[in-house]
Amino acid sequence: MKIGDENIERVVYESTLNLLIRYGIKGWNMDDLARECGMSKRTLYKIIGNKEDLLYKCYEDNFNKKLGGVKKFIEQDEDYYTLLDGLSTQIVNSVNQIILVTSENVRTEYPRISQLVEERLSIHHKVLVAFFEKGIQLGLLRDNADATIIKDMLYALMNFNVIKYRDVSEFRRTTKRQLDFFFSSIRK
């Protein structure tokens, strides 16, 4: 986004999030966004550049906030099992309605945004592997536990559920049950 009035940029950003939740990526265009913001399309383009730049910013902000929260949670100085028990809640809360309704189209139609997602997830995966390695080193996870395999299984489960569910409540309820079971099965 171009630098300008923060209030106007916030209106554009929040309006974009609303459109994404209601219609996904393909169900709206810049005319719809201009109407939602109460401004002309010309003014809108001066503020944001183009739709892909705006979507990129939405995804970047979303991932920074959501994945940053998970990182902050597992890096706390708490009992390992307490962190492991709370990890499922942190992970499911890192996925919101926008991710559920836009993930397929982002992967196929917006390679730059898809690359951003993969880069952020790669960083996140390193944090998770370090967390699981810590549990192994402390002797708190099963003797045959492998941090990379745990991360890969976690990623596969999350990826499957993000594609399968479009309702955030159903996603969170189901995924939390699955993650709670998975995390309890790797404990000693």
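Our structure is the block above this text.
Model, not experiment: these values are computed from the prediction.

### Side note on the overall build of the chain
Looking only at helices and strands, one finds 9 helices and 0 strands in the chain. Seen through its principal axes, the chain has C-alpha atoms that stretch 60 × 30 × 25 Å. Once local pairs closer than 6 in sequence are excluded, the contacts in the chain between residues at least 24 apart make up 71%. As displayed, the chain offers around 10200 Å² of accessible surface, 50% of which is attributable to carbon and sulfur atoms. If the 29 positive side-chain charges of the chain are averaged to one point and the 27 negative ones to another, these points end up 3 Å apart.

### Thoughts on the packing of helix α6 (residues 97–109) against helix α8 (residues 147–164)
Between two packed helices, what matters for the description is the angle formed by their axes and the separation of those axes. The interhelical angle for the contact between α6 and α8, taken along N-to-C directions, is 100 degrees, at an axis separation of 8 Å. Classed by the angle they form, the pair α6 and α8 counts as roughly perpendicular. When α6 is examined against α8, the residues Ile99, Leu100, Ser103, Glu104 and Arg107 are found in contact with a partner set consisting of Asn159, Asn161, Val162 and Ile163. Of the residues that constitute the contact of α6 with α8, the class distribution is 4 nonpolar, 3 polar and 2 charged.

### What to know about the packing of aromatic side chains
What the rule picks out here adds up to 5 aromatic pairs. Summarising the aromatic geometry, the rings of Tyr59 and Phe63 are spaced 6.1 Å apart at their centres and angled 20 degrees between planes, so their arrangement reads as stacked. Here Tyr59 and its partner Phe63 are both found in helix α4 (residues 51–74), 4 residues apart, which amounts to about one turn of the helix. Put simply, the rings of Tyr80, Phe131, Phe132, Phe182 and Phe183 pair up and form one aromatic cluster.

Conventions we followed
- Residues numbered from 1 in each chain as written.
- Predicted model: local features only at pLDDT ≥ 70, side-chain atom pairs only at ≥ 80, totals over all residues.
- Heavy atoms only, no water.
- Helix = DSSP H or I, 4+ residues; strand = E, 2+ residues; numbered from the N terminus.
- Contact = heavy atoms within 4.5 Å.
- Areas by Shrake-Rupley, 256 points an atom, 1.4 Å probe, with all protein chains shown as cover.
- Lys, Arg positive; Asp, Glu negative; His and termini not counted.
- Charge placed at Lys NZ, Arg CZ, Asp CG, Glu CD.
- Axes fitted to C-alpha atoms, helices over the stretch in contact; angles between N-to-C directions.
- Parallel < 35°, antiparallel > 145°, perpendicular 65-115°, else oblique.
- Nonpolar A, V, L, I, M, F, W, Y, C, P; charged D, E, K, R; others polar.
- Phe/Tyr/Trp six-rings, centres within 6.5 Å; stacked < 30°, edge-to-face > 60°.

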